[in-house]
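Spelled out from the first residue to the last, the chains are:
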Amino acid sequence: MASEGASGRLLVFGDSLSFHGPSGPCAADEARLWPNVAAAALGGTADLVAGFGWTARDLWWALTGDPRVWSELRRVDAVVIAVGSMDPLPSPLPTYLRTGLRYLRPPWLRRAVRRAYLAAQPRLAVALRGRPVALPRKLTIHYLDRSVYALRVLRPELPIVAVLPSVHRAPSYGGVYAERDATAAAIAAWGDRVGVPLLDLAAVVGEHVLGGRGNPDGMHWGWEGHADVGKAMAALVGPLLAASGADGR
């Protein structure tokens, strides 16, 4: 069970949308980030477990491989699964090669290869029509399913919510997000099947992002977007906390 007297303590699994502001990445305790906005609206705090480019597979790896997560799961009042937006992004190189670029040596070679890939990525995303993606939607659902099952084994009473993918206008991906809608539909069907409420990020921040009011990179959000998502997430989680008795009422 959650700790006595707990009030809206959230464990948030996220990608860079959870910690990247209008001018770059921020420390997890930045009050304007949406996890902290949501937690504050619920009278609690947020513990963020996140990384750049995280997909549903990284969620599973964090659940099974991070001992900090194991300890936090005993104390939190709800879990927010805020991954899925990066899964349908174009990934012209297989993930293991793309993420492996950081291990190239010597440093000059790593920098040269990375520059070449970043220059080619938007052109390849357009030429290949957004395929392949960072994580195929079949695997997105697989890892979401496994993660929720594991959470419910450990904490059957724990409220769990998730998200539908955001939108982007990022030049680094050639503005391509061809698999987003199919991935969103698959996640929506999964959420309905397993009883996990979903926040549609595109409905909340779509105009903010596509209207150019977010980060200039065309992917991440400004503080307005974070505030909107935080408020919407609190509205989604609040009734679940009330039903579970975790909000102190």
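A. Focus on the packing of helix H8 (residues 201-210) against helix H9 (residues 223-244). Close contact between H8 and H9 brings their axes to 9 Å; oriented N to C, the two are set at 160°. Classified by the angle their axes make, H8 and H9 are roughly antiparallel. Seen from above, H8 lies across H9 with right-handed handedness. Each of Leu201, Val204, Val205 and His208 in H8 lies in contact with H9, whose residues at this interface are Glu224, Gly225, Asp228, Val229 and Ala232.

B. Region of the structure containing the side chain of Ser166. Structurally, the position occupied by Ser166 is in the loop between strand E4 (160-164) and helix H7 (180-194). Every residue in contact with Ser166, bar those within four places of it in the chain, is listed here: Leu17, Ser85, Tyr177, Arg180, Leu201, Ala202, Val205 and Trp221.

C. Region of the structure containing the nonpolar core. Membership of the largest hydrophobic core comes to 31 residues, with the highest contact counts inside it found for Leu10, Trp34, Val80, Trp221, Met233 and Val237. Those elements that provide at least two residues to this core are strand E1 (10-14), helix H1 (34-41), strand E3 (78-82), E4, H8 and H9. Those residues in contact with Trp34 that lie beyond four places of it in its chain are Val12, Leu17, Ser18, Val80, Ala82, Trp221, His226, Val229, Gly230 and Met233. In terms of nonpolar packing, the next biggest core, distinct from the first, is built from 29 residues, Phe13, Ala62, Leu73 and Leu158 among them.

D. Just the pairing of strand E2 (residues 46-50), in detail. Relative to E2, E1 is paired through five bridges, and the arrangement is parallel. In the sheet register, Val12 faces E2, and the bridge partner there is Leu48. The β-α-β motif built from E1, the intervening H1 and the parallel element E2 has right-handed crossover chirality.

E. Looking closely at unusual backbone geometry. Residue Pro106 follows Arg105 across a cis peptide bond; omega there is 0°. Put simply, Arg131 and Pro132 share a cis peptide bond, and its omega is -5°. Structurally, Pro132 can be placed in the loop between helix H5 (107-127) and helix H6 (137-154). Its identity is not glycine, yet Arg129 carries a phi of approximately 55°, on the positive side. Relative to the helices and strands, Arg129 is located in the loop between H5 and H6. Look at Arg129 and you get exposed, because its relative accessible area is 64%.

F. Region of the structure containing the confidence of the model for the protein chain. Here the protein chain averages 94 in pLDDT, while 96% of its residues score no lower than 70. Across residues 1-6 the pLDDT falls below 50, and counting only partners more than four positions away or on other chains, this stretch makes 15 contacts in the model.

The rules behind the values
- Residues numbered from 1 in each chain as written.
- Predicted model: local features only at pLDDT ≥ 70, side-chain atom pairs only at ≥ 80, totals over all residues.
- Heavy atoms only, no water.
- Axes fitted to C-alpha atoms, helices over the stretch in contact; angles between N-to-C directions.
- Helix = DSSP H or I, 4+ residues; strand = E, 2+ residues; numbered from the N terminus.
- Parallel < 35°, antiparallel > 145°, perpendicular 65-115°, else oblique.
- Left-handed = near helix turned anticlockwise from the far one by under 90°.
- Contact = heavy atoms within 4.5 Å.
- Core = buried A, V, L, I, M, F, W, Y, C linked by side-chain atoms within 4.5 Å.
- Buried < 20%, exposed > 50% of the residue type's maximum accessible area, 1.4 Å probe, protein only.
- Pairing = 2+ DSSP bridges.
- Right-handed = clockwise from strand over helix to strand, strands pointing away.
- pLDDT = per-residue confidence, 0-100.

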